[in-house]
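# Reading the structure
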Amino acid sequence: FITDIYTRKEQEAALAESRNQLEQHAQELEGKVKERTKELEHLNLGLKSQIRERKLAEAALKESLEEVKKAETEILKALDKEKELNELKSRFISMASHEFRTPLTTILSSADLIGRYTDEESQEKRIKHINRIRNAVQNLTNILNDFLSLEKLESGAISLKLVEFSLKEVYHEIMEGIELTAKPGQQIKTSLAPDLNLIITDQHLLKNICLNLLSNAIKYSPENTTIEFEVSEPEDSLLQIRVKDEGIGIPEKEQSNLFQRFYRAENATNIQGTGLGLNIVKRYLELLKGNITFSSKEGSGTEFIVNFPYRKP
């Protein structure tokens, strides 16, 4: 019995020691787990910091790439603009060498012939050559005006100047100027809506649009034809200008290119001009927030219709 008691005590002691060892081992494991957890948390913080830094670096890189792309775009635009200006200069030199030569030759020859007509019987011949000189000078003036207008448009020097003025007075000024350039037998049939007089818009742009369209109608129409010029108000606060001729017309295949700079239809290459007029008219109308349409058939004439808003006083 005593032996059994000692044996049981030994067993309890062994069991208690085992428990102590297990508890100690468990505490050691718990300490290691805590230590490992701290290490993992530290690593996690480091990883998050690296990810954040990487995102910041990627954002900075993206921003830099966008700035580089923007700079490349600006450079390409500048190069395109320079290329366009060089092309414009080349076309001007090419066109000017041809278009200036003809009227200057006319002026020189007519001036020389006038000097030879000294008697009274030659007055008719003198008048003929004086008119030739006048027309040649007008052609040169038109060419220079086209290029000055284009240069101002390109540089942004032209802006809207809305003023109040008498449309009837400007209308008569336009007709007085354009009738002097009409070919023999050409009739300009005009119509101004009777209730249109004082208006508010850009007087300079309005006048130049009309002169350009009428000059083209005269230029591309033969002698003894009729040109219609009408100014009306089809809708409230909308001014309409209509110019119709009986000229050479525009080939259908070339009509889509009509408003391009320097563009001239194949049936107009032997007629003096810069190919800038309609481009300038279109850009004037963009400033006026208007539009231009046309209908044409080769050999049967052309009709242009311009619409843009205006105000009444």
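Everything here concerns the structure above.
Right, let's walk through the structure included here.

Calculation criteria
Residues numbered from 1 in each chain as written. Predicted model: local features only at pLDDT ≥ 70, side-chain atom pairs only at ≥ 80, totals over all residues. Heavy atoms only, no water. Patch = residues over 30% accessible without salt bridge, like charges linked within 9 Å, V, L, I, M, F, W, Y side chains within 5 Å. Areas by Shrake-Rupley, 256 points an atom, 1.4 Å probe, with all protein chains shown as cover. Salt bridge = Lys/Arg side-chain N within 4 Å of Asp/Glu carboxyl O. Helix = DSSP H or I, 4+ residues; strand = E, 2+ residues; numbered from the N terminus. 1 Å grid on protein atoms, 1.4 Å probe; cavity = no way out; pocket = protein on both sides within 12 Å on 5 of 7 lines; lining within 4 Å. Points joined across faces, edges and corners; volume = space filled by probe spheres on them. Phe/Tyr/Trp six-rings, centres within 6.5 Å; stacked < 30°, edge-to-face > 60°. Buried < 20%, exposed > 50% of the residue type's maximum accessible area, 1.4 Å probe, protein only. Core = buried A, V, L, I, M, F, W, Y, C linked by side-chain atoms within 4.5 Å. Contact = heavy atoms within 4.5 Å. Axes fitted to C-alpha atoms, helices over the stretch in contact; angles between N-to-C directions. Parallel < 35°, antiparallel > 145°, perpendicular 65-115°, else oblique. Left-handed = near helix turned anticlockwise from the far one by under 90°. Nonpolar A, V, L, I, M, F, W, Y, C, P; charged D, E, K, R; others polar.

## So, a nonpolar patch on the surface
Together, I75, L76 and L79 make up an exposed nonpolar region whose accessible area comes to about 290 Å². Counting through the fold element by element, L76 comes out in helix α1 (residues 2-99).

## Some points on empty space enclosed by the protein
Counted under the stated rule, the structure contains one cavity of 30 Å³ or more. Here the largest cavity defines a volume of roughly 30 Å³. Every residue along the wall of the largest cavity is listed here: L167, V170, Y171, I174, L206, C210, F229 and V231. Only α4 (167-179), α5 (203-219) and β4 (226-235) provide two or more residues apiece to the lining of the largest cavity. The element best represented in the lining of the largest cavity is α4, accounting for four residues.

## Some remarks on the packing of aromatic side chains
One pass over the full model with this rule turns up three aromatic pairs. Look at F259 and F294: their rings are 6.0 Å apart centre to centre, the planes differ by 65°, and that puts the pair in the edge-to-face class. Of this pair, F259 sits in the loop between β5 (238-244) and α6 (277-288) while F294 sits in strand β6 (residues 291-296); the two residues are 35 residues apart in sequence, bridging distant segments of the chain. By relative accessible area, F259 is classed as buried at 16%.

## Let's talk about the nonpolar core
Where a protein is soluble and globular, its nonpolar side chains tend to be buried together. L206, F229, V231, L239 and I241 are the most contacted members of the largest nonpolar core, which has 47 residues in total. Taken together, the elements giving at least two residues each to this core come down to α3 (123-155), α4, β2 (187-192), α5, β4, β5, α6 and β7 (302-309). Examining the composition of this core, we find that eight residues originate from one element, α5, more than from any other. Beyond its immediate chain neighbours, meaning those up to four positions away, L239 contacts L167, L196, I199, L206, V231, S232, V306, N307, F308 and Y310.

## Re the environment of N291
Along the polypeptide, N291 turns up in strand β6. Residues N291 and V281, spaced ten residues apart in sequence, show a C-alpha to C-alpha distance of 9.5 Å. Once residues lying within four places of it in the same chain are set aside, the contact partners of N291 are L285, I305, V306 and N307.

## Points about the packing of α3 against α6
Direction vectors running N to C along α3 and α6 enclose 40°, while the axes themselves pass 10 Å from each other. In terms of their interaxial angle, α3 and α6 are classed as oblique. As for how α3 packs across α6, the hand of that crossing is left-handed. Contacts between α3 and α6 involve D146, S149, L150, L153 and E154 from the former and G277, N279, I280, R283, Y284 and L287 from the latter. Here the residues of the contact of α3 with α6 sort into five nonpolar, three polar and three charged.

On their own, these measurements won't tell you what the molecule is for.
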